[in-house]
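Inside the fold
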Amino acid sequence: MPYLRLRAYGLITALLCLAGSVQAQTPPLTADRPGIGIGTGVVLPETFQIEGGFAYDRAPRFNGYSFGQVLLRYGLNPLVELRAGLQSYRIEDYPRNVELKGFQDPTVGFKVALHDRSGLYVPSAAALFEVRLPVGDRVFRAASVQPTATLALDWPLLPGFSISANGTFTSYWVDSRRFDEGLMTATLNVTLSETLPSGAYFGYAQLFVPGRNQHYLEGGLTLLLTPDIQFDVNGGVGLHERETYFIGAGLVRRFRF
């Protein structure tokens, strides 16, 4: 009996070590929410990931609600992922009981890892190419197809700290007239805990739109509930206009085949 007991203890210990080894080898979950910018992570092959949430935003002239924000990501190979942004349901309340509601336009595209080994002077890099399809409800439908290109960079700093940056360019046509928009983001990412994996980010975003620029400060928290599920909360304020802010929350779920 003592011999069998020792063998049982040995088997249990081996299984625990194996489980710990498998968990340690689990690739980190990389999500493109909840910040305004995106990261350089690409979903691995034979991996499907769904990201979604809810957001409330306010400006001096309206209150807005977005439900869904669903992004589907699938790893095509180690360097490329396919993406589809589903139609969020949007509600905007204006003075004098004016309300706009309906589904927004979907997007399709792909993300490519350009350089995945980062250093203090050489960041990891990825490129995102998406197209907005004008098929949503009339009140939120774009006037034409809108192609968008984004360059994303990530630099590690001290252990637990990194900096991310994005540059995005969008071009589209309305009544034979071309419009260009740009977005620039800079974000500090902080790891809060390794035991209960959690992190925080603080960032700045500037949106270049025809006729005016918009400036935002944002921040948020992420909590890894399991190796494949992440919860997040986020918020931000607009610096270009008083009483402008947004808050939101969401989930990320990864499925590995």
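Residues numbered from 1 in each chain as written. Predicted model: local features only at pLDDT ≥ 70, side-chain atom pairs only at ≥ 80, totals over all residues. Heavy atoms only, no water.

Glancing now at the overall build of the protein chain. Along the protein chain, the regular secondary structure elements total one helix and 14 strands. Within the protein chain, the proportion of its 257 residues that are buried is 37%. Long-range pairs, those at least 24 residues apart, make up 49% of the contacts in the protein chain with a sequence separation of at least 6. About 15,000 Å² of surface is accessible on the protein chain, with carbon and sulfur atoms providing 64% of the total. (Helix = DSSP H or I, 4+ residues; strand = E, 2+ residues; numbered from the N terminus. Buried < 20%, exposed > 50% of the residue type's maximum accessible area, 1.4 Å probe, protein only. Contact = heavy atoms within 4.5 Å. Areas by Shrake-Rupley, 256 points an atom, 1.4 Å probe, with all protein chains shown as cover.)

This model, assessed by the stated rule, comprises 17 salt bridges. Note that E81 is salt-bridged to R83, the shortest N-O span being 2.8 Å. Here E81 and R83 have matching classes, each one buried. Between R178 and D180 there is a salt bridge whose closest N-O contact spans 3.0 Å. (Salt bridge = Lys/Arg side-chain N within 4 Å of Asp/Glu carboxyl O.)

Our next topic: the packing of aromatic side chains. As enumerated under the stated definition, the model contains nine aromatic pairs in all. Measuring from centroid to centroid gives 5.1 Å for Y89 and F103, while their planes differ by 70°, and the two rings are edge-to-face. Taken together, the residues span a long stretch of sequence, with Y89 in strand β4 (residues 89–94) and F103 in strand β5 (residues 98–103) at a distance of 14 residues. When its relative accessible area of 28% is taken as the criterion, Y89 is described as partly exposed. By way of ring pairs, the aromatic residues Y56, Y65 and Y245 are connected into one cluster. Of note, R253 hangs over the ring of F255, and the distance from its end group to the ring centre comes to 4.4 Å. (Phe/Tyr/Trp six-rings, centres within 6.5 Å; stacked < 30°, edge-to-face > 60°. Lys NZ or Arg CZ within 6 Å of the ring centre and 35° of its normal.)

To continue, consider the pairing of strand β2 (residues 62–77). Bridging between strand β1 (residues 47–59) and β2 involves 11 bridges; their strand directions are antiparallel. When the sheet's bridge partners are listed, A59 is paired in β2 with F62. Where β1 folds back on β2, the antiparallel hairpin that results is connected by two residues. Relative to β4, β2 is paired through five bridges, and the arrangement is antiparallel. Paired with S66 across the strands is R90, a residue of β4. When β2 meets strand β3 (residues 80–85), the two strands line up antiparallel, connected through six bridges. Along β3, the bridge assignment pairs Y74 with L82. Count of turn residues in the β2/β3 antiparallel hairpin: two residues. (Pairing = 2+ DSSP bridges.)

In short, shape yes, function no, at least from these values alone.
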